[in-house]
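Take a look at the letters that make up each chain.
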Amino acid sequence: MVTLRPSPVDAPDAHELLAEYFRARTEGFADQGVSYRTTFPDPAAFVPPAGIFVVLDDEEGVAQGCGGIRLIPEGPLGTRYELKHLYLRPITRGRGWGRLLVEDLVERARGFGAAELVLDTHHSLEAAGALYARTGFVAVEPYNDNPNASRWYGKAL
């Protein structure tokens, strides 16, 4: 059984997962002739109640995925959190673990009193877009100026 556990965003296993995520994004953007801006997250943004970062461990206790939520300025529905840095190692994909991560982070956002959870992504991440749609996210107007994003999604909580 997989487990989800809170983790500092700069813990060694979380940092390793984020480094893999950023490498994959940089390579994916380069294949499209676009540059990707890598910015490791501020650990303070993922400390409750401002946010939380979680690591997904497989059945053997090996960190295989991560994601977090952080408080951002209030939106039209009220208190707003943003889902960030959702990543699963490629060998784990197709097992439903992405959905587990998203659903866990949605519940954590609710627990912090969020009225809405938003995220930005890139159109080239088709599997991620499908995951967000399956978990109830809908397209919204851009809420930030992230140069790596081309699509924005939200979910009323």
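Scroll up to find the structure this text is about.
Read on for an overview of the structure. Remember, it's a predicted structure, so these values are computed and weren't measured experimentally. Each chain carries its own residue numbering, running from 1 in the written order of its sequence. With the structure being a predicted model, the display of local features is reserved for residues of pLDDT at least 70 and the display and counting of side-chain atom pairs for 80 or more, all residues being used for whole-chain, interface and lining totals. To obtain the side-chain values, all non-hydrogen atoms of the structure were used and water was disregarded.

### Details of helix α3 (residues 126–134)
Turning to α3, its buried residues number three or more, namely Ala 128, Gly 129, Leu 131 and Tyr 132. Buried residues in α3, looked at end-on, bunch into an arc of 160 degrees, giving them a common side. Exposed residues lying more than 90 degrees from the buried face of α3 are Glu 126, Ala 127 and Arg 134. The contact criterion used is simple: two residues touch if any of their non-hydrogen atoms lie within 4.5 Å. The helix and strand labels rest on DSSP assignments: H or I over at least four residues marks a helix, E over at least two residues marks a strand, and numbering proceeds from the N terminus. On its buried side, α3 packs onto β4 (78–88), α2 (97–111), β5 (116–121) and β7 (151–156). Immediately beyond the C-terminal end of α3, within one or two residues, lies Gly 136, with a positive phi of roughly 95 degrees. Relative accessibility decides the category of a residue: with a 1.4 Å probe and only protein chains considered, values under 20% of the type maximum give buried, values over 50% give exposed, and everything between is partly exposed. Relevant arc is that of directions from the helix axis to the C-beta atoms, nothing else.

### With respect to the pairing of β5
β5 sits mainly inside the fold: six of its six residues count as buried. Inspection of the sheet shows β4 paired to β5 by three bridges, in the parallel sense. Looking across to β5, one finds that Tyr 81 is bridged to Leu 117. Throughout, right-handed denotes a crossover for which the path from the first strand over the helix to the second runs clockwise when the strands point away from the viewer. The parallel pair β4 and β5 is bridged by α2, and the resulting crossover is right-handed. Two strands make a pair as long as DSSP finds a minimum of two bridges between them. Looking at chain direction, β5 and β7 are connected through six bridges and run antiparallel. Along β7, the bridge assignment pairs Leu 117 with Lys 155.

### Quick word on the side chain of His 122
Looking at the element boundaries, His 122 is found in the loop between β5 and α3. Pairs of N or O atoms are called polar contacts if they sit within 3.5 Å, as long as, within protein, a hydrogen donor faces a hydrogen acceptor (for residues adjacent in sequence, only side-chain-to-side-chain pairs). At 2.8 Å, the side chain of His 122 forms a polar contact with the side chain of Ser 124.

### Regarding the sheet that holds strand β2 (residues 51–57)
An order of β1-β2-β3-β4-β5-β7-β6 is seen for the seven strands of this open sheet, with the pairing classed as mixed. Each of the sheet's edge strands pairs with one partner strand only, and the pair in question is β1 (3–6) and β6 (138–139). Helix axes use the C-alpha atoms of the stretch in contact, all axes being lines fitted to C-alpha atoms, and the angles between their N-to-C directions lie in the range 0 to 180 degrees. This element, α3, spans β4, β5 and β7 of the sheet and lies at about 135 degrees to β4.

### Concerning the packing of aromatic side chains
When the centres of two rings from Phe, Tyr and Trp lie within 6.5 Å, Trp using its six-membered ring, the rings pair. Their planes under 30 degrees apart give stacked, over 60 give edge-to-face, and anything left gives tilted. Following the criterion strictly, the structure yields six aromatic pairs and no others. With centroids separated by 5.3 Å and ring planes inclined at 55 degrees, the aromatic side chains of Tyr 21 and Phe 22 adopt a geometry described as tilted. Classification of Tyr 21 by relative accessible area gives buried; the value is 15%. Between Tyr 81 and Phe 112, the aromatic rings sit 5.6 Å apart at their centres with planes inclined by 25 degrees, giving stacked as the arrangement. One end of the pair, Tyr 81, is in strand β4; the other, Phe 112, is in the loop between α2 and β5, with 31 residues separating them in the sequence.

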